[in-house]
Every structure is written in structure tokens, then in C-alpha cells.
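Remarks on the overall topology
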Amino acid sequence: MRYFLIFFISFFITSMGWSRTLPICSDCTIQSITEGVSMASDFDTLLIKKGTYKEFNILIDKPLTLIGLNYPIVDGEDQGEIIRIVSDNVTIDGLFIINVGTSYTTDYAAIRVVKSEHFMIKNVVLEKLFFGIYLEKSNNGKVYHNKIIGDAVDEYNSGNGIQLWYCKNVEVEKNIVQHVRDGIYLEFSDNIVIKDNLSTDNLRYGLHFMFSNDDIYTNNTFENNGAGVAVMFSKRIKMIGNTFRKNWGTAAFGMLLKEINDAEISGNIFEENTIGINIEGSNRIRYENNSFLKNGWAVKVLGACYENTFTKNNFLYNSFDISYNSKLNDNVFDQNYWSEYTGYDLDKNGIGDIPYRPVKLFSYIVNKTPETIVLLRSLFMDIIDFSEKVSPVFTPDNLLDKNPLMMKTL
Amino acid sequence: MLKILKYSFYDLIRSRWSYVYFLFYLLLGFVLLFLNNDVSKAVITLMNIIIVLVPLIGTIFGVMYYYNSKEFIELLLAQPIKRSSIFLGQYLGVAGSLTLSLVLGLGIPFVLYGLFKSDAIFDFSLLLVTGAFLTLIFTALSFNIALSNENKIKGFGYAVLLWLFMAVIYDGLFLMSLIIFKEYPLDTFSLVATMFNPIDLSRTLILLKLDISALLGYTGAVFKQFFGTDKGLFISIFMLVLWTVIPIWRLSYKAKRQDF
Amino acid sequence: MIQVENLYKKFGKNEVLSGLNLTIDKGGIFAVLGPNGSGKTTLIKSILGMVVPNKGDVSVSGIAIKKNWKYRQEIDYLPQIANFPGNLKVKELIRMIKDIRQRPSDEQTLIELFKLDSFLDKKLSTLSGGTRQKVNIVLAFMFDCPLLILDEPTTGLDPASLIRLKELIKKEKANGKTILITSHIMQFVAEVADEIIYLLEGKIYFKGSIEQLKKKTDQTDLEHAIAAIATTPANA
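Residues numbered from 1 in each chain as written. Chains lettered and ligands numbered in written order. Predicted model: local features only at pLDDT ≥ 70, side-chain atom pairs only at ≥ 80, totals over all residues.

**Topic: the overall build of chain A**
A tally of helices and strands in chain A yields 4 helices and 39 strands. Each principal axis of the C-alpha atoms in chain A carries an extent, and together these give about 85 × 40 × 30 Å. When each of the 410 residues of chain A is scored for burial, the buried share is 49%. Of the contacts made within chain A by residues no fewer than 6 positions apart, 47% connect residues no fewer than 24 positions apart. (Helix = DSSP H or I, 4+ residues; strand = E, 2+ residues; numbered from the N terminus. Buried ≥ 20, exposed ≤ 12 C-beta atoms within 10 Å, placed from the backbone. Contact = placed C-beta atoms within 7 Å.)

In C-alpha cells, the structure reads:
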């Protein structure tokens, strides 16, 4: 609604004849974007036609709309930052920005927004970048439908795709981020909506956020990232309908939760990750209707985690469903579907008549001696797992799903 | 050799045990698929069955057949036939008919279920290949046992013991040694120990498909190389071939020097 | 026909053949006799290649048998215990052996001779011991090989069949074949054998005709001669 208003106002102003459209091209009077910005007045539109513009450090210090026609190339020639927005009400649309300078001391970005409001960055394609879109203390803006394709090889000299630092009320929607360090990175940013993004093949995290509260993540896909998604030190997060796939490796997980409180995690799919969700020191989280499919460990609980509830989730064909590193359990598992459940349902109410114990002794052994993983699914292990199930010694004895479902939930 | 193979195969096809075995797998396949309606789950259950039951059946059936066909072997020994042909023919007859029962017994229900349209086809073919290898290996091992033991009871005893050792005891000792020596780097040891047991080897081969996400959770570089690349697959298959060839070679070696 | 030189065979600690030398010429019926455990069957099996000697050489028709199996094409063998794969029918067994040996055979007259027609479609496991022995005989005699080895051929036979067997053996001898027989029935040996080979403690103790044996032991019938031979000093 807010954006609509902005558009409406800017449209209004344009039609009033207060604002102009300034074309930029190699044959035009204005031949560079920098020139265009300096010649434009507030609320003008710069129409950048197809061509290559070798420019960097473009400072946008007044409310302008920059529109690229057929994706004009802005080539920074590895000199440094390319576009810096320091004014409210700036829109950037349809540029193809390449060759952002790499530095070990300054975080050069393709587009940086500093202390500005009501910005809109859309349909931008970024390649050969260091940092992509960097929002700094900027609020009430939108990053929509951009494509960021990096070529990161090492963590120390690569940057993040979309970074938010001390921002509020920003929407990050329908972006594609690949091959950068962290796909989407948030720090100290509240009330952010992140939806329908695709973050894949990134060096470290698909999504990484810390100290950011009241954020909502929906329908994003995170696939094949170095370490998956890390969510740390935040409160009241909602994660709904996301997909976490194929994050493989030693310290890789679909999602890492660390010091997260009062979150809601529902309707997500965790598929073929080494660890589906790795939980550390996180309390009062509701896990509902998630599907854990073919993960190494569906849920790995480390350290103190209290009052979490797992209900109506599907645990399908994971090597281990739940793993604990202690004998204590204060979390509730109820009415989940476990593909390994072998009980029966005589009263036909859809709920198994005997409880299911999702923690195997073997997962405890693997925690202690990781090499034993090669004995996964061996008959010997099945036998000792069975005996542990009958009388738990090493695993939390109150950890059981008393009402295991007989059919998958949808 | 082909003639012997033909006759022992012929003989086996007429014995009711081959049918029992075949029907067992057929039933198992149908039950798993049509009662469960879930190919992924069926593949996992099948894997458990294949690495435990196939070696057991191969061992027992191999020993049983060898002792039962002793007369046949003696009859053939006086005929102008090479000794190794007689034993290899007999061996291939048993192992071949067992493999055929396995592949057809499980294959038919899966094909009827529409496996070719499912993406589980690779997992499933891997299961069948592994099952076939295990049949070949354990039948060869059991023939070796039977050939070295005139006494039937003893032979059966050793064969069952062999299975029990490979299927359960070995892993127990393996696990214990891993836990006792956990202070030391163990990844090379654990991979090598896996190679020395065909059941573990087959299990690893299947794990590479089913549980790769868990296997990659381990830190060791050797593990990563083994499980993370095609190396693991190739080494495992190579070792399985070795496990098949060596007992067969010993069988023909031993057969040449045996008195009857 | 058969040359055995310096043959040694041990089963565990038990030395069964200890430096056995034997030459059997072509033609005639040779009876291999000796007390239980004297190595008769071992000798026969060594010739057939079923037992691998520890030391010594065996050659059949001038061919050394070591690591050789083709020479068995020239041998018909009647095993002592008639064990056959139980799942096969008599007909199938005969067909199979024919298939394996790929030689002209004359099983039909033999089947008629031993009246086996009605058993052809029966499984071998259902046959009686005597009938099985008849099948055994058919299998041994149906090919035309220059060397016949018969290990206890009379086991389980009824008198009529025994007579037919003797006729059969004599007929084969008339065809110029070499026939090696072991038997415990002295009467049978006396009737058919041309020469006696007597084994004792893994060696040839006596080799010669029945007449020579009787003379040597001063006995009038074969049975007593055989019984007495072990006590007579060896000078053969």
C-alpha cells in the first residue's frame, strides 16, 4: 500500500509536468549516468538506453527513478562501489551491473542504500560482484525480482548477495541469488519480509541472520548452500513454507537455529540435508506440518532447548530422525508421522497404539564416535537399537511420540 | 562346463526350494509395494532384507545343494570332464538360479508397480546388483566350506557361523574397536574394515545411495573422498568383484586337489 | 594298458598306498582283491583321477593321467555306491551321460536285458538299491570303451541279473577289452577273472592267475587261497 502511494504520488508529480524524463545513451546529450544524476532534478526519471556505461561511484543524492531499457550494462571495471543511494524515494529498475571492485577493507557493493527510505530496487541483474545489494540503516523499501549471480570461490574475498544492516520494514521478494558468500544476510533488522526468493549454491549460507526480530520468511528455496541457513540470536521469527534442500557437508544443515526464541516454523520442507534442523539453545519454538525427507539427521538437538513442540510433522526416510546429545528432554513430540514407525492401529483412529521413540542409541554412538557412521543400517545396530528402545539407558526416556500418526500429514 | 551348468540348473529348477525362494521374494515384493504404497520405504526395507537374508539363503542353500549333489559330482568325476568344470558348473547353477529367483521375484512386483516411471529405479537396480553379488559371494563361500568338510553337520555349522559372523558379530567387534580406539584417527581403519566383510561392503554401497546426506556429515578427509566422490562406488564394486572371484578361484583350486 | 609306478597315497595319517607298482596288459579280466582297507578302491580311484596321489605316476594307454581328463573317454566306470542325483528320471540320467560323453551308445539292449523299461520315467530317488545298481550297470556298459572298471558290480543284484552281468562281462572280454573288477564274492571272481591282483598294506602282494594262486597257497579253491595268502610269505 505504501509503495502504491509512492507510485501514485510520483505519477501525480510527473503528470503535473514537474518532472522530466532524461534519456541517456552514447548518442544522447547525456552520455553517462553520473552526468544524468547531476543534471536531473528531484523526481526526474533517467531512461538509460542499451549500451555499456563504464562508471563507478555513482552517487544518487536526490529522489530519482533510474530505468534501464533492455538491460544496459553498467561496468564498474573493478574500481569500487557502483551505485550509492543516499536519498529517499529512489527507484532502480532494469540495470545489468558488473565488475564490482573487491577489497579487503571496504565492502564495495553494486548498489548500496544508505540511511534512505522508500527505495525500490527491481529487475536488476548483478554479475561479477563483491557485495550485491547492500541496505544500510534504510527502512520501508523493497528489493524485488533481482538476479544476483556471483562467482565466489573463497569466503575471505567474497561478499553477500543481499545484505540488510539495521533496516526496518523492508521486503525482499522474488530474488535469485547464487554463488556468493551469503545469499541473503540480515543483521539488526526487524520486521523484514523475505519471500519467494531462490538462494542456491552459495559459499556459506543461503540465508544468514542475526539479532533480527519479528521477521517473516515464506516460500523461499534454499538449495545446495555451503552450510545451509543460519538463524541466530533472534526472537519471534516466522518461517513458513520454505524449502531447504541438498545442503551436504560436515557442518551443513538445512537450517541452524541458535538462540532463537518464540519462533514459528511450519509447513517447511527439509530434504536431503546432512542435518535438517540443527537446534542450539532455542526455546518455545513451534514446529508444525514440516516435512523432513531423506536427511542424515532430521532434527539434531544440542545443548539446552526448552519447551519446543513438534506436532504434525512428517519424518520420512531420514537416517536419523532425532538426535540428542544429552539425556534431558523438555520438548514435546506429538502426533507426528514417522516412516520408521512399525506399530499398529487397532482402534483405527489414525493414531498408532504404541508410542514411537525417535532417538536411536546409534545416533548417540555416532555423536560420541563419528566414524561409527559406516555401521549405519547394519543388523548389529538394529539389534542394539531395538534393545535400547525396549529399555532406554543412554537416550532420554521421556522422549517419545505418544500419538504417532499412521498416515502422512499434508 | 556349460553342460554341467545346464544340468545342475535344470536339476535346481525342478527342486521345490528354488520355487520357495522365488515365491518368497515375489510375495515380499508385492507385500512391500502394494500394502505400503511407498517405493522409498519399500527400498529401505528391501535393503535390510537383502543384506541379511540373501547371504543367509546363499550360504544355507549352497551348502545344502553341495551335499545333496555329492553323488552327482562323483558320477561326473569318472566322466571325461575337467574337474574345475564340474564344480564351477555346479556353483554357477546354484548361484545362477538363486540370483534369478531374487531378480525375478523382486523385479516382477516392482515392474508391475510401475518402477520404470519412478525415480527409485536406480536405487532399486543397485539393490538387485548388490543382492546378486551377495548371492554369488556367499554361495561360493559355502561351496568352499562344504568342499573342505566331508561331515555335513560340521559343514552346516561352519556355514551358519560364517553368516552369523559376517552379518552380526563382525559389526559388533568393529563397533567395539571403533569405540575403544576413538582417540585415534579411525576413518581409514573403518573403511578398510568395511572392505573385509562383503555384507558391510554391500551395505556401504547402498548407503552411498540412501544415506549420503548423513555420511557426508563426518569430518574426516578420507571419508569425504570416499563418500563424496565416485571413488567410493568404484572401490566398493571392485572389492565386491574381488570377493566374488577369490572364493571361486579357491573353489576350483581346492577342487583340483580334492580326493573323492 | 595301465601302468602304475611307485604310487603313494595318504589320507591324514593313514597311508593307504605305499609305493604300489602295477602293470596291466591289454585284454582280459583282472580282479583286484584284498582285505578291507587294503586300498582297492583308492587304487581304482587313482586310476580314474578321482583321488590325487601324493607321489607316483599313473598312465592309461601310455598317457600320464596327471592334469589330464581326456583319457577318461577311454574308461567306463561302475562306482561302488550307486548314488545319483535324485531329482532326475532314469531316462534323463542316461540322456545326460550320453550328452556329456558324446559317444555312440547301446543303452537300449541293456535296458531290455535288465528289464528297466518300466523304470525309465521314475525318479532315481524312488528306485530300490538293486534297480539303481542295474541303472548303474547300464550307464557303465552302454559305451564301447577299451577299459572297464567295475567296483563291486554285484552289489544288490538278484541271481538272474547276476547271471546277465556275468554274460555281459564275458562278452566284453571276448571283444578284447580290459576289465578291472573288485569284488568280495570269490565265487564270482573265480568264475570271471583271468588274473588276480592281491593288495595288502598298500602294495601288490600277489599278481598272477588263479591257478598260480592256488598253487602258491596249496589250496584247492579260491576262497581259501585268498584267506591263506596273507600268511604266505610274499615271493610273487
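**Some remarks on the sheet that holds strand β5 (residues 63-64) of chain C**
All names here are of chain C. Ordered in space as β2-β1-β4-β5, the 4 strands form an open sheet in which the pairing is antiparallel. At either end of the open sheet lies a strand with only one pairing partner, and these are β2 (14-24) and β5. Both strand β4 (residues 55-60) and β5 contribute to a ladder of 2 bridges, which runs antiparallel. Bridging across to β5, Val 60 finds its partner in Ile 63. (Pairing = 2+ DSSP bridges.)

**A few points about the interface of chain B and chain A**
For an interface, size is often stated in terms of accessible area lost upon the parts coming together. In this complex, chain B contributes 31 residues to the contact, which on the side of chain A involves 27 residues. The leading source of residues in the side of chain B that touches chain A is helix α7 (residues 152-180) of chain B, at 8 residues. Looking at the side of chain B that touches chain A residue by residue, the class counts come to 15 nonpolar, 9 polar and 7 charged. (Nonpolar A, V, L, I, M, F, W, Y, C, P; charged D, E, K, R; others polar.)

**Overview of the UniProt feature "transmembrane region" (unreviewed entry) in chain B**
Within the UniProt annotation, "transmembrane region" (unreviewed entry) is assigned to residues 20-36, 42-67, 88-112, 124-147, 159-181 and 233-252 of chain B. Across residues 233-252 of chain B, the secondary structure splits into 100% helix and 0% strand, with the terminal C-alpha atoms separated by 29 Å. (UniProt positions renumbered as here; feature names shortened; annotations may be inferred.)

**Comments concerning the sheet that holds strand β4 (residues 58-60) of chain A**
All names here are of chain A. Taken together, the 12 strands give an open sheet; going across it, the order is β4-β7-β10-β13-β16-β19-β22-β25-β28-β31-β34-β37, and neighbouring strands pair in parallel fashion. Across the chains shown, the open sheet's two edge strands, defined by having one partner strand only, are β4 and β37 (320-324). Looking at each pair of strands side by side, their axes are set apart by 10° on average, direction ignored. (Axes fitted to C-alpha atoms, helices over the stretch in contact; angles between N-to-C directions.)

**Thoughts on the UniProt feature "domain: Carbohydrate-binding/sugar hydrolysis" (unreviewed entry) in chain A**
Residues annotated by UniProt as "domain: Carbohydrate-binding/sugar hydrolysis" (unreviewed entry) correspond here to residues 48-187 and 194-354 of chain A. Summarising residues 194-354 of chain A: 0% helix, 52% strand, and an end-to-end C-alpha distance of 41 Å.

**Brief notes about the confidence of the model for chain B**
Residue and element names in this part refer to chain B. Averaged over every residue, the pLDDT of chain B is 86; residues scoring 70 or more account for 98%. By mean pLDDT, helix α1 (residues 2-14) is the weakest element of chain B at 75, and α7 is the strongest at 93. Across the predicted assembly, pTM comes out at 0.82 and ipTM at 0.85. (pLDDT = per-residue confidence, 0-100.)

**Some remarks on the interface of chain B and chain C**
Each side of the interface is counted separately: chain B has 19 residues, and chain C has 20 residues. When residues of the side of chain B that touches chain C are traced back to their parent elements, those giving at least two are α1 and α4 (70-77) of chain B. Classifying every residue of the side of chain B that touches chain C gives 8 nonpolar, 3 polar and 8 charged.

**Looking at the nonpolar core**
Ala 110 and Ile 111 of chain A, Tyr 91 of chain B together with Phe 30, Ala 31, Val 138 and Ile 149 of chain C are the most contacted members of the largest nonpolar core, which totals 262 residues. The biggest single contributor to this core is helix α3 (residues 39-68) of chain B, with 14 residues. In this structure Ala 110 of chain A touches Ile 82, Ile 83, Ile 97, Val 100, Leu 126, Leu 129, Gly 132 and Ile 133 of chain A, once residues within four positions along its chain are discounted. (Core = buried A, V, L, I, M, F, W, Y, C linked by C-beta atoms within 7 Å.)

**Brief notes about the environment of Ser 38 of chain C**
All names here are of chain C. Within the secondary structure, Ser 38 sits in the loop between β3 (28-33) and α1 (40-48). When the C-alpha atoms of Ser 38 and Met 186 are compared, they prove to be 17 Å apart, with 148 residues separating the residues in sequence. Apart from residues lying up to four places away in sequence, Ser 38 is in contact with Leu 199, Leu 200 and Glu 201.

**Looking at the packing of α3 of chain B against α7 of chain B**
All names here are of chain B. Contact geometry for α3 and α7: axes closest at 10 Å, N-to-C directions at 165°. Viewed along their axes, α3 and α7 adopt a mutual orientation that is roughly antiparallel. You can see that α3 and α7 cross each other, and the crossing is right-handed. Contacts between α3 and α7 pair Val 52, Pro 55, Leu 56, Thr 59, Ile 60, Val 63 and Tyr 67 from the former with Lys 152, Gly 155, Phe 156, Ala 159, Leu 162, Trp 163, Met 166 and Ala 167 from the latter. Across the contact of α3 with α7, the residue classes break down as 12 nonpolar, 2 polar and 1 charged. (Parallel < 35°, antiparallel > 145°, perpendicular 65-115°, else oblique. Left-handed = near helix turned anticlockwise from the far one by under 90°.)

**Regarding the packing of helix α8 (residues 187-195) of chain B against helix α11 (residues 221-228) of chain B**
All names here are of chain B. Orientation of α8 relative to α11, taken along the N-to-C sense of each, is 40°, at an axis distance of 8 Å. As far as their axial angle goes, α11 and α8 are oblique. Contacts between α8 and α11 involve Asp 187, Thr 188 and Leu 191 from the former and Val 222, Phe 223 and Phe 226 from the latter. Broken down by class, the residue content of the contact of α8 with α11 amounts to 4 nonpolar, 1 polar and 1 charged.

**Quick notes on helix α9 (residues 198-210) of chain B**
All names here are of chain B. Here α9 spans 18 Å end to end across 13 residues, near enough to the 18 Å set by a 1.5 Å rise per residue. Burial analysis of α9 places 11 of its 13 residues in the buried class, which makes it a mostly covered element. For α9, the full list of buried residues reads Pro 198, Ile 199, Asp 200, Leu 201, Ser 202, Arg 203, Thr 204, Leu 205, Ile 206, Leu 207 and Leu 210. Buried residues belonging to α9 abut α3, α6 (121-148), α7, α8, α10 (212-215) and α12 (231-257). (Expected span 1.5 Å × (residues − 1).)

**Quick look at the pairing of strand β7 (residues 147-151) of chain C**
Residue and element names in this part refer to chain C. For β7, the tally of buried residues reaches 5 of 5 residues, placing the bulk of the element in the interior. Burial along β7 is two-sided: Leu 147, Ile 149 and Asp 151 facing one way and Leu 148 and Leu 150 facing the other are all buried. Of the strand pairs in this sheet, β7 and strand β8 (residues 178-182) are connected by 5 bridges, and their pairing is parallel. Looking at the pairing, Ile 149 lines up with Leu 180 of β8. In the classification by handedness, the crossover that spans β7, the intervening helix α5 (residues 159-174) and the parallel β8 is right-handed. (Right-handed = clockwise from strand over helix to strand, strands pointing away.)

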